[in-house]
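# Fold and geometry: a report
One letter stands for each residue in the lines below.
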Amino acid sequence: MAQGTVQVTHTGTSRWRRRTGEYGSLAAALEAAGDGDVLTVAPGTYRENLVIQRAVTLRGPEGAPGSVRIAPVDGVPLTLRAPAAVHGLVLEGQDSAAPALLVEESVPEVTDVRIVTRSAVGIEVRGNARPTVRRCSVDNPAGIGITVLDGGGGVFEDCEVVAAGQSGVAVRSGGHPRLERCRVHHSSGAGLSVTGEGSALEAVGCEVYEVKGSGVQVTGRATAHLTDCDVHRTTADGVTLDTDAVLTLADCRIHDVPENAVDLRSRSVLTLTRSTVSRFGRNGLSIWDPGTRVDANQCEIHDSTGDYPAVWVSDGAAVVLDSCRVREVPDALFVLDRGSRADVVDSDLSQVRNTAVSVSDGATAQLDDCRIREAATGAWFRDHGSGGTLSNCTIDAVQTGVIITKGADPALERCTVTAPAEAGFYVSAGGRGTLSGCRVSDSGGYGFHVIDGCRTTLRRCRTERCARGGFEFAEDGPVVEECASDESAGLRAVAPSSAPSTTVPAVRAVASPAPPVHQPVGLLTGVPAPRAGAPTGDPAPAATPVRPAEAVLGELDALVGLDGVKREVRALTDMIEVGRRRQRAGLKAASARRHLVFTGSPGTGKTTVARLYGEILAALGVLDQGHLVEVSRVDLVGEHIGSTAIRTQEAFERARGGVLFIDEAYALSPEDSGRDFGREAIDTLVKLMEDHREAVVVIVAGYTVEMERFLTVNPGVASRFSRTIPFGDYVPEELLRIVEQQAEEHEYRLAEGTGHALLDYFTALPKGPAFGNGRTARQTFEAMVERHAGRVAQIVEPSTDDLTLLYPDDLPALP
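I will try to describe carefully the structure that is included in this document. None of these values were measured; they are calculated from a predicted model.

Here the focus is the overall build of the protein. Looking only at helices and strands, the protein features 13 helices and 68 strands. Looking at the 815 residues of the protein, the share that counts as buried comes to 54%. The contacts of the protein with a sequence gap of at least 6 include a subset with a gap of at least 24, amounting to 50%. Accessible surface, the protein: about 33,600 Å² in total, of which carbon and sulfur atoms supply 49%.

Dropping the structure here:
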């Protein structure tokens, strides 16, 4: 039968007896059409529910895309049950219980169709249907964008889910579609959701972003394979796997995620190849539960925006990193719990703020041919049962190379630590370990430092150019075989009587040869703190030159307002200085408690004053450096029992010789604390303040009422702080002065009348919880500069006055 053309107009006369002609409705034309016919639809809105059951072509007019709207009042606008072709239509549905486009048991082609609907689903494919969908878009803020289920499949090419009230693309009940170059965004559920045994998704060259949920979610024995895809800007995890899910990511990019970039649980398996994970707020890879596993090859994890390990492995899970790079993160790899395991091969871990590899609670890590650079600690085996192997690894430019503590028992073979600021290998608190063929060179402290009589075994180890000495340990300490050092202070027997007698060169003498002294251990790096009155030989951390106290006090006096604060700091300074003079005169000096409480609203200068206070104490010789370490709850409180104490200790150690400033300290003790670990941080902090009272000054800060409650939580807290200094809100005149200072610093001037306008502005400005005091003044100045730039950019040849004067019209609108 020859192919005919059925022209349909919205108001045309029905000539139903002829197959070629004009029909008054789409239903009439479809009834008259036969296989192979083409139905060209005239522009208009058709309130019909269409069902296509023949192999026809349904299309809009040439050159008028979007001019044909299929928009019934309820039900499914278009159902395809035949290998038909549909082109250039707009489908609009209003039925919350039905899809806008339903494809069943057929292999149709759908091209350039736009679905703007408030339906249960934008496109639903079911019952072994295999459509080819090209260049289509779905805007469905009331439901799911695309659903494929009940054995359905098909290919979606260059399609877009513009908005979805639930998941962007949902695959379940054995569905198995393929997405090519598709975009899914602005969904209120997961971007891509695959669930249920037999369900599968393949995506190539796709992008998932701006999702209120997880970008990709695979659960319940489902599988998915993504190649060359981007997942970013989600509100939850980037990728979530749960309950025997299987996912392969190849050449993909997951970035700008506030939570975990990838989270796996309950025996899920992820294969990650040539992919990048970056700018994540929690873990890059979060791997939980026995049987859960990640295999990553040639991948990169970098640029954490939070304070969590880049790779977290716990509860018996496993990870393999092969030829991977992890950089610019707080911690690179944290393996926790018995049965958890990490295997890292030919990989680079660098620019790590804390510890590159942490092994805890009976977990195991094996690193082969890896390189660790620029970390506080290269590897830390923390406690009993924790171990593994480091083989042929290099550790460079760290504070401490390897720490072994509390019964941990790893094996280290042919590892090299170069230029650690402190110890190369440090063993304490019952740590064990076997070190074979390891080498330390150019250490700022000891090469191998074993204290507490730890029974470590050292075989064929060597040190070169270690500032404090090559080897340092007690007589009843490690077993040492065929070790050597370039030190020349003599020989000291170290082997126990039950072992073959061996000798190694002794520690390089710092003052005069003396028996080794067991010293307190630095909490962050695990290296010994200096004995009181004894030279250490370790280089001090780089610090800026200490300014005279009067110079710092002058900067304090130059701050706008804060008169009461300035008087309090002056009084403290005078007490300390007079106490020093009385001591020099042989008189008793009153004990001046240096820890402080700052109360007040945000933006009132608390952090700035804390920084200057540290500098003043350094100038007076009370603190070694006077630097400021600012932390909050997220920096101190961990997710597991014991991790909070470690974090708090590490923060305290970073502040050694300076000021530890805890902002919003009351968040450590929420009113409804339950099992909250904040109390552990407080208890740890109180003990550290007592044990190291001369080493660190602690300042806690926050809103006035909340800080009063905080000081009553722990009986030891209030007694540790000498006084509370209130920071009042700035008055309009002071806010004006801050703007004037900003203008002067950036070479701007306030035109006549601008000062009065600013006073009126700051007087009228709402002083609610969002008011930022000095920060608000600075933001106001920045807004004025921006508006000034928009105005002056229109002037062809601006004068100096044009370029510098700020006028009242440059003020932003009141919020």
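Summed over all chains, the structure comprises 8 aromatic pairs. Here Phe-471 and Phe-473 contribute two aromatic rings whose centre-to-centre distance is 6.3 Å and whose plane-to-plane angle is 70 degrees, an arrangement assigned as edge-to-face. Phe-473 gets classed as buried once you look at its relative accessible area, which sits at 1%. Aromatic ring contacts, followed pair by pair, group Phe-425, Phe-448, Phe-471 and Phe-473 into a single cluster. For Arg-282, the ring lying beneath its charged end belongs to Tyr-308, and the centroid distance is 4.4 Å. Taking NZ or CZ as reference, Arg-382 lies 3.9 Å from the ring centre of Trp-380, over its face.

Let's shift gears to the nonpolar core. Counting 132 residues, the largest nonpolar core has Phe-156, Leu-226, Leu-270, Val-311 and Val-357 as its most contacted members. Considering every element that reaches this core, the biggest residue donor is strand S43 (residues 348-360), with 5 residues. In this structure, Val-357 is in contact with Leu-333, Leu-349, Ala-365, Leu-367, Ile-372, Gly-378, Ala-379 and Trp-380, ignoring residues within four places of it in sequence. Counting residues in hydrophobic clusters, the runner-up holds 46 residues, among them Val-659, Tyr-730, Leu-735 and Phe-762.

On to the packing of helix H10 (residues 732-745) against helix H12 (residues 774-792), then. Between H10 and H12, the shortest axis-to-axis distance is 9 Å and the interhelical angle comes to 45 degrees. Relative to H12, the element H10 lies oblique. Judged by the sense of rotation from one axis to the other, the crossing of H10 with H12 is right-handed. Where H10 approaches H12, its residues Leu-735, Ile-738, Val-739, Gln-742 and Ala-743 are matched on the opposing element by Gly-774, Ala-777, Arg-778 and Phe-781. For the contact of H10 with H12, the residue count by class is 6 nonpolar, 2 polar and 1 charged.

Let us look at helix H3 (residues 563-584). With 22 residues, H3 should cover 32 Å at 1.5 Å per step; its first-to-last C-alpha distance of 32 Å lies within 8% of that length. Taken together, the buried positions of H3 are occupied by Val-565, Lys-566, Val-569, Leu-572, Thr-573, Ile-576, Glu-577 and Gly-579. The buried side chains of H3 occupy one side of the element, clustering within an arc of 160 degrees when seen end-on. Exposed positions of H3 whose direction lies more than 90 degrees from the buried face are Arg-567 and Arg-581. In this structure, the buried residues of H3 make contact with helix H2 (549-558), strand S62 (596-600), helix H4 (606-619) and strand S66 (723-727). Looking one or two residues past H3, Gly-586 carries a phi angle of roughly 80 degrees, positive in sign.

Let's shift gears to unusual backbone geometry. Despite not being glycine, Glu-482 shows a phi value in the positive range, around 55 degrees. What makes Glu-482 exposed here is its relative accessible area of 63%. For Glu-747, which is not a glycine, the phi torsion comes out positive at approximately 65 degrees. Its place among the elements puts Glu-747 in the loop between H10 and strand S67 (749-750). What makes Glu-747 exposed here is its relative accessible area of 67%.

This part is about the sheet that holds strand S64 (residues 659-663). Across the sheet, which stays open at both edges, the 5 strands sit in the order S63-S64-S65-S62-S66 with parallel pairing between neighbours. If you trace the sheet from one side to the other, it starts and ends with strand S63 (628-631) and S66, each paired once. Taken pair by pair, the neighbouring strands of this sheet meet at an average axis angle of 20 degrees, ignoring direction. Of the pairings in the sheet, the one linking S63 to S64 comprises 4 bridges and is parallel in character. From the neighbouring strand, Val-631 faces S64, where its bridge partner is Ile-662. Against the sheet, H3 touches S62 and S66, its axis set at about 155 degrees to S66.

Attention now goes to the environment of Leu-247. Here Leu-247 is to be found in strand S30 (residues 246-250). Remark: the alpha-carbon pair of Leu-247 and Val-269, spanning 22 residues in sequence, is separated by 6.4 Å. Setting aside residues no more than four positions away along its own chain, Leu-247 makes contact with Ala-224, His-225, Leu-226, Val-239, Leu-241, Val-269, Leu-270 and Thr-271.

The rules behind these values
Residues numbered from 1 in each chain as written. Predicted model: local features only at pLDDT ≥ 70, side-chain atom pairs only at ≥ 80, totals over all residues. Heavy atoms only, no water. Helix = DSSP H or I, 4+ residues; strand = E, 2+ residues; numbered from the N terminus. Buried < 20%, exposed > 50% of the residue type's maximum accessible area, 1.4 Å probe, protein only. Contact = heavy atoms within 4.5 Å. Areas by Shrake-Rupley, 256 points an atom, 1.4 Å probe, with all protein chains shown as cover. Phe/Tyr/Trp six-rings, centres within 6.5 Å; stacked < 30°, edge-to-face > 60°. Lys NZ or Arg CZ within 6 Å of the ring centre and 35° of its normal. Core = buried A, V, L, I, M, F, W, Y, C linked by side-chain atoms within 4.5 Å. Axes fitted to C-alpha atoms, helices over the stretch in contact; angles between N-to-C directions. Parallel < 35°, antiparallel > 145°, perpendicular 65-115°, else oblique. Left-handed = near helix turned anticlockwise from the far one by under 90°. Nonpolar A, V, L, I, M, F, W, Y, C, P; charged D, E, K, R; others polar. Expected span 1.5 Å × (residues − 1). Arc of directions from axis to C-beta. Pairing = 2+ DSSP bridges.

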